[in-house]
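Single-letter residue listing:
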Amino acid sequence: MFVASGKDVSVNWSEFTLILPAVSIGNVGQLAVDLVVSSISPNGCHIGYFYDSCILPLVGNDAFTQSTESLGKLNVSVEVYKNDDLKFVVVQQRAPLVKGCQTEYCRKLVTWIKSCNFKQVILVSSISATERVDSQIGGSPLRYVVTPAAKNLLPLFDGLSWKTLEKRPKFPHATEESSNENRDLFLPGGGFTKKLYEACCRDDIPLAVLLTFCCEGDNISDAVNLFLYINDWLKMVPRTEVEAKVLGKASSFVFPASWCSMFGSPVHPDGNLF
Amino acid sequence: MAAAFGVWEIKFPSSRAVYDEDDEEDEEHSSEDDLRSLHFHRAPHLDQKPSPTECPLLVLAIGEVATTFVEAHFLSAGSEIVACITSKKTNEVDFEKLCSTYKSADTCCLHRLTTSQDDSVLCQCRTTVPQEKAFHWTEKLFENFKPSKVVILTSAPACEYHTNTPGNLKPDFVKVLKTDSWQEKISHRECSFWKLLTSSVESQHQFCQIHSMAAALFVCFTESSHVDSQSVEAFHFLLKHPPLRSLHQASSEQVTKVLKSLRSGKLLEMNMYM
């Protein structure tokens with residue numbers, strides 16, 4: 001599954017945190033991971049790829065190089081980056097999975113995670129805002145879920161005033177007061193989030209799922225909010241730099257260059273559409 | 001939307017990032033199914049050749065525009081079919097019969113030029129390989145051929161090319177994306193940000209990047225929905241540059257004959273409604 005781009009890549013990352021996105025509604029997880037990769041550069045380096053039949057193929061020009069003169073390297077479906085200072089391994093997945101392959105992919109991913117011996121895993125995801133219950137409509141759209149092996153993170157998250165994702169009754173007509181055994185996570189539009197969470201619970205992997213409620217559309221603000229949520233915990237960049245960038249002020253924080261063409265080419269000023 | 005009997009049906013929003021999760025449960029399958037449905041057949045007289053066969057250059061033409069270019073400028077001078085990749089088994093049809101219908105969607109033929117002693121291989125795929133089969137199709141190809149260099153030719157609608165300066169582009173332009181191992185400079189034709197949609201092309205180029213093979217992907221962005229000589233000849237500049245310059249090229253009469261056949265085919269279509 002993992003193919004190293006260099007020769008000397010050790011995969012014993014027992015001190016490292018793995019960050020990866022779920023291909024989920026609005027592609028918010030992927031956009032937030034784009035910001036993580038962008039923020040850990042230039043100390044973050046590309047170390048390899050995922051090559052697997054479960055992932056749809058994709059190629060494109062360098063997503064992060066800012067200058068049009070500096071023609072960067074080719075980007076493919078799934079690439080792996082590492083930052084030794086922050087002890088991060090970041091997986092960026094740019095293409096969806098082949099239909100019907102979620103279970104197979106999660107099984108392979110868990111096997112790889114176990115073989116690398118990561119300290120903890122962070123899955124960055126999103127779920128549909130249209131499926132919220134009344135109690136979820138007000139306040140922050142950001143939520144987290146942890147596996148039993150990552151329960152040690154709960155005091156830290158409580159300190160950050162984070163909210164855990166509310167469970168729902170497993171059966172539609174069950175009362176709200178149903179016991180914890182009869183309640184389950186409901187992750188509409190979350191892609192393989194639930195399957196990976198369940199697989200990590202089974203294999204005792206410390207996983208934290210950080211997610212946001214969102215709808216399809218221009219999801220840049222959702223991605224920035226989710227990135228700031230992760231950043232409050234992991235302290236990758238000063239929060240003020242990100243906020244200055246969002247407000248259009250001078251900032252050292254940069255959005256990935258590939259975001260420029262997210263909605264296609266601009267209309268040519270002298271052109272006539274018809 | 002209104003359903004029968006005047007009852008309003010609730011339509012849940014769909015996501016571009018994820019499939020409907022009920023479908024995902026229903027259609028769970030193994031990628032091995034796709035692998036089993038593809039077969040590589042060598043020409044009977046070449047069946048004894050060691051696998052993988054080494055060749056200096058592999059030219060992959062995907063889609064009508066690229067296959068017509070390869071046919072006009074190289075294959076029309078004289079070629080033989082050396083192998084094919086198909087969903088049909090050999091015991092169902094013999095090799096000759098299989099290749100005589102290679103213009104069908106499920107068979108791609110690999111040719112060798114008979115006009116020279118060159119061992120380069122030219123592959124023609126008139127239609128794109130389905131997304132879920134692209135990975136295994138590429139694996140089959142590179143299991144059997146080990147090229148020193150790969151040139152991939154394809155076409156896409158001009159509206160799919162994303163750039164910040166659309167006014168600078170003239171219709172039927174060619175852009176290139178090259179892997180890290182490709183050393184030659186191809187000036188003024190490098191892509192800005194975009195991604196391809198045809199999976200077989202992406203899959204081949206991705207394979208070359210991950211496995212450190214020298215490969216260049218040339219895409220003709222065309223405004224015409226039909227194959228015409230203008231879009232086919234957009235690739236003409238490649239004939240003057242390595243590595244295609246080293247292949248034996250067809251005479252201008254042979255090229256004209258192939259390109260004229262495009263025109264007569266189009267005229268026949270138009271006459272049907274006169």
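Just so it is clear, the structure is predicted and the values come from calculations on it, not from any experiment. (Residues numbered from 1 in each chain as written. Chains lettered and ligands numbered in written order. Predicted model: local features only at pLDDT ≥ 70, side-chain atom pairs only at ≥ 80, totals over all residues.)

1. A few points about the overall build of chain A
Across its full length, chain A carries seven helices and 12 strands. When each of the 274 residues of chain A is scored for burial, the buried share is 44%. (Helix = DSSP H or I, 4+ residues; strand = E, 2+ residues; numbered from the N terminus. Buried ≥ 20, exposed ≤ 12 C-beta atoms within 10 Å, placed from the backbone.)

2. Quick look at the overall build of chain B
For chain B, the count of helices and strands is eight helices and eight strands. Sequence-distant contacts, at least 24 apart, represent 80% of the contacts inside chain B between residues at least 6 apart. (Contact = placed C-beta atoms within 7 Å.)

3. Digging into the pairing of strand β2 (residues 53-62) of chain B
Each regular strand shows side chains that alternate between the opposite faces of the sheet. All names here are of chain B. Pairing between β2 and strand β6 (residues 145-157): eight bridges, direction parallel. Looking across to β6, one finds that A61 is bridged to L153. Direction of pairing for β2 relative to strand β5 (residues 121-125): parallel, over a ladder of five bridges. Its bridge partner being in β5, I62 is matched across the sheet by C125. (Pairing = 2+ DSSP bridges.)

4. Section: helix α1 (residues 28-40) of chain A
With 13 residues, α1(A) should cover 18 Å at 1.5 Å per step; its first-to-last C-alpha distance of 19 Å lies within 8% of that length. Of all the 13 residues making up α1(A), 13 are buried; the element is thus mostly covered by neighbouring parts of the structure. (Expected span 1.5 Å × (residues − 1).)

5. Considerations on the nonpolar core
Grouped together as the largest cluster of nonpolar side chains are 136 residues, with contacts concentrated most on A32(A), V36(A) and A61(B). No other element matches the eight residues that α1(A) contributes to this core. (Core = buried A, V, L, I, M, F, W, Y, C linked by C-beta atoms within 7 Å.)

6. Topic: the packing of α1(A) against helix α6 (residues 220-234) of chain A
Residues and elements named next belong to chain A. Two elements in contact, α1 and α6, have axes separated by 8 Å at closest approach and are oriented at 60°. Comparing their axes, α6 and α1 come out oblique. By crossing handedness, the relation of α1 to α6 is classed as right-handed. Only I220, D222, A223, L226, F227 and I230 of α6 make contact with α1, whose side of the interface consists of V28, L31, A32, L35 and V36. A breakdown of the residues in the contact of α1 with α6 according to their chemical character gives 10 nonpolar, no polar and one charged. (Axes fitted to C-alpha atoms, helices over the stretch in contact; angles between N-to-C directions. Parallel < 35°, antiparallel > 145°, perpendicular 65-115°, else oblique. Left-handed = near helix turned anticlockwise from the far one by under 90°. Nonpolar A, V, L, I, M, F, W, Y, C, P; charged D, E, K, R; others polar.)

7. Section: the sheet that holds strand β9 (residues 142-146) of chain A
All names here are of chain A. Read across the sheet, eight strands follow the order β1-β3-β6-β7-β2-β8-β12-β9 without closing on themselves; strand pairing throughout is mixed. Two strands in the sheet have a free side with no partner beyond their single neighbour: β1 (2-4) and β9. Taking each pair of neighbouring strands and ignoring which way they run, the sheet shows an average axis angle of 25°. Alignment of strand β2 (residues 17-21) against strand β8 (residues 120-128), held across five bridges, turns out to be parallel. Paired with I19 across the two strands is I122, which belongs to β8.

8. A short note on the environment of T53(B)
Here T53(B) shows up in strand β2. C-alpha separation for the pair T53(B) and E143(B), spaced 90 residues apart in sequence, amounts to 8.9 Å.

9. A look at the environment of S224(B)
Mapping S224(B) onto the fold places it in the loop between β8 (214-222) and α7 (229-232). For the pair S224(B) and T154(B), spaced 70 residues apart in the sequence, the C-alpha separation amounts to 14 Å.

10. What to know about the confidence of the model for chain B
Overall, the predicted model of chain B reaches an average pLDDT of 77, with 72% of residues at or above 70. Prediction confidence for the complex, expressed as pTM and ipTM, is 0.85 and 0.84 respectively. (pLDDT = per-residue confidence, 0-100.)

11. Focus on the sheet that holds strand β1 (residues 39-42) of chain B
Residues and elements named next belong to chain B. Ordered by their spatial adjacency, eight strands build an open sheet running β1-β3-β4-β5-β2-β6-β8-β7, and the pairing between neighbours is mixed. Two strands in the sheet have a free side with no partner beyond their single neighbour: β1 and β7 (173-178). On average, adjacent strands in this sheet sit at an angle of 20° to one another, irrespective of strand direction. One ladder, built from nine bridges, connects β6 with β8; its direction is parallel. Bridging across to β8, L153 finds its partner in F218. In this fold helix α3 (residues 64-73) packs onto β2, β5, β6 and β8, with an angle of close to 130° to the strand it touches most, β2. Here helix α5 (residues 131-144) sits on the sheet in contact with β1, β2, β3 (79-86) and β6, set at roughly 135° to β3.

12. Describing unusual backbone geometry
The amide bond that connects P242(B) to the next residue, P243(B), takes the cis arrangement and shows omega of 5°. On the secondary structure map, P243(B) appears in the loop between α7 and α8 (252-271). At K87(A), a residue that is not glycine, the phi angle is positive and equals roughly 60°. For K87(A), the position within the fold is in the loop between β6 (78-83) and β7 (88-93).

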